[in-house]
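# Structure assessment
What follows is each chain in one-letter form.
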Amino acid sequence: MENDLLSRVLTGKLSTEIRLMVFFILFLLLSTSVPLSSSQQITQNPLPMNFSEGQFLYSPMWTTTTYLRYPDGSLNHSWSSSYFPGVAVWWLGDGTILRTIRTGSGGGTGGSGGGVQKVEWDGTIVWDFRYNTGGVLSHHDVKTLPNGNVLLIAWETKTRTEAIAAGRNPSYVTSSGLWPDHVIEVQPTGPSSGEIVWEWHAWDHLIQDYDSAKENYGVIGDHPELIDINYGTSTQQDWMHTNSIDYNAKFDQILISIHNFNEIWIIDHSTTTEEAASHSGGNSGKGGDLLYRWGNPMTYDAGTTNDRKLFSQHDSSWIDEGCPGAGDLLIFNNGANRPGSHYSTIDEVTPPVDENGEYYLQPGTAYGPETQTWMYVANPPTSFYASHISGAWRLSSGNTLITNGESGKIFEVTPEGSTVWQYNSGGQVFKVVYIPPEAPEPPPQNETTPDLDCSGSLSWTNIKPGATVAGNFQIQNIGDNESLLNWTINASSISWGTWSFSPESGTGLTPEDGFVTVLTTMTAPDEPDSDFEGFIRVENINDPTDYDIVSVTLSTPVQIIPPWFMFLQQFITHILQNHPLFEALVNHFIS
């Protein structure tokens, strides 16, 4: 009501006499009014980007760069790639990372990969392994073992005929077939080769109660160690959608998160490949059968919807030794289709396991525990929600580092749920890897080191939407004498406008060469009355930690509002909000 009245007062849609009366009353009120109270002024005081220790590593899902940052958000190092991530990245120590890549071949769906690369501090790719031919495709996550081998999650292709032969209800499978998951262990054997030394296939551990003529026909509830091929009536090919993997060296076991089953599973890695395809062998004596599962007992007919705990979860992992809760399982419980409302939680689960790695299950019941050991729930709960991706990491302090993968927000919470640190990465992130403070940093590689420096900025105001404008900035090598700077421009952080640079890159720039001027043209977005901002990153091609930022601002106003008008508008709005009798009086005159 007050906004409509205000518009009519200020735009002259009242008679002259009434407008004079309104302004006279406003003048009288002005002499007695109080300023806007502090409770009416909206301020934001962001938390300082500062946690107590460590660094964090992440690879935004739709960029080709991986970042290592200090607690204050400043950049320690970055690695460039020719590929989007596919989608995890891990720290191997001594400046080396293991980065999955999205090769764009082999089909697949969300989380598609196809390969993994080991990349040193200076960007050298020392291992490039592809797993994307012959109907298989690696995806989502990887894990390095203590022996240096690498575990990969992958899809494999089963035809409709094969699926039906395995007991799948024909109504649940199309002509495209199914993509069940399997896990492989790869031993690097060369710069682009690897030997698969161990593998486990979910397809070897199926049960069904649909077709009694099949060998795997049985009572689902009597075999919680097996996988019901008919769980889930969707005809989508990605039947399981395994989205994370972790390894427990103490028990020699593997933990995987099965998104479409709303469960986590643990399997025995101490088996041979032959034993992993059977129901016996290994430390457990159960071969490749499931040792433990939790989150949705309906998958093995041991519960109802009321017993379900997980909802499209991601990033299940064992809590590391030396951290509170060591040995427990930490899960990002996304909360998609959670009864009541959609919200995410971080769930800590204490599995019923003994010192030998054996999991207790009372026959005829569901695997415990019935309740989580600890949960992070936001206040209000619905203020924290990520329908997919995301992760969590327990710190030695007892706090938990959380990644909201959809928004790119990374934050740390205490056991009581208070946020003590946060950082916005600016894009979607599968999950963040925490690196303890003792992680070493490689020394400089060369005695003569370039040092990239930029000067100038790009700022345009009152630009007509769609217009093309020009500007420039300078690049210089201020490093050691005789050093050579190879540079390039990275404008991937700017999602607005159409840009061109001349030159876009350069090589062999010495300190003696002085400045290089980069001419910039930009076609403004076709959006009136808008403000845009961002930055251009100029990078040392040979050292991603050596870079500088050129700030960019643009405004496209279509009308100039006088300052006095804005002041009067704010003042009248305040009067109408705080003096209802006056609002009623004015409404009487204009009705």
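Residues numbered from 1 in each chain as written. Predicted model: local features only at pLDDT ≥ 70, side-chain atom pairs only at ≥ 80, totals over all residues. Heavy atoms only, no water.

### Section: the sheet that holds strand β24 (residues 409-413)
Within a beta sheet, neighbouring strands are joined by backbone hydrogen bonds and run either parallel or antiparallel to one another. One open sheet accounts for four strands, arranged β22-β23-β24-β25; its pairing is antiparallel. The open sheet terminates on both sides in strands that have one partner only, identified here as β22 (391-394) and β25 (419-424). Ignoring which end each strand starts from, the neighbouring axes of this sheet average 15° apart. Taken together, the four bridges between β22 and strand β23 (residues 400-404) define a ladder with antiparallel strand orientation. Across the sheet, the residue bridging to R394 is T400, located in β23. (Pairing = 2+ DSSP bridges. Helix = DSSP H or I, 4+ residues; strand = E, 2+ residues; numbered from the N terminus. Axes fitted to C-alpha atoms, helices over the stretch in contact; angles between N-to-C directions.)

### Things to note about the nonpolar core
Residues L57, W79, W91 and L401 are the most contacted members of the largest nonpolar core, which totals 41 residues. Listed in part, the 28 residues of the second largest apolar core include I245, Y247, I267 and L290. (Core = buried A, V, L, I, M, F, W, Y, C linked by side-chain atoms within 4.5 Å. Buried < 20%, exposed > 50% of the residue type's maximum accessible area, 1.4 Å probe, protein only.)

### Let's talk about the confidence of the model for the protein
Residues shown with low pLDDT carry predicted positions that ought not to be read at fine detail. Here the protein averages 86 in pLDDT, and 84% of its residues register 70 or above. The model gives residues 1-50 a pLDDT under 50, and that stretch makes 66 contacts with residues more than four places away or in other chains. Note that residues 586-591 has pLDDT below 50 and, in this model, ten contacts with residues that lie over four places away or in other chains. (pLDDT = per-residue confidence, 0-100. Contact = heavy atoms within 4.5 Å.)

### Overview of the packing of aromatic side chains
As enumerated under the stated definition, the model contains 26 aromatic pairs in all. Ring plane angle 70° and centroid distance 5.6 Å describe the contact between W239 and F261, whose orientation is recorded as edge-to-face. Highlighted residues: W239 in the loop between β13 (227-228) and β14 (242-248) and F261 in the loop between β15 (253-258) and β16 (263-268), separated in sequence by 22 residues. Judged by relative accessible area, which is 0%, F261 ranks as buried. Where W496 meets F532, the ring centres are 5.3 Å apart and the plane angle is 35°; that geometry is what we call tilted. Of this pair, W496 sits in the loop between β30 (485-490) and β31 (498-502) while F532 sits in strand β34 (residues 531-540), placing them 36 residues apart in sequence. Per residue, the accessibility class of W496 equals that of F532, and both read buried. The rings of F56, Y58, Y67, W421 and Y423 are connected pair by pair, giving a single aromatic cluster. One Lys or Arg, K143, reaches over the ring of W90 and ends 4.7 Å from the middle of that ring. Its guanidinium or amino end placed over the ring of Y343, R338 lies 4.3 Å from that ring's centre, counting from NZ or CZ. (Phe/Tyr/Trp six-rings, centres within 6.5 Å; stacked < 30°, edge-to-face > 60°. Lys NZ or Arg CZ within 6 Å of the ring centre and 35° of its normal.)

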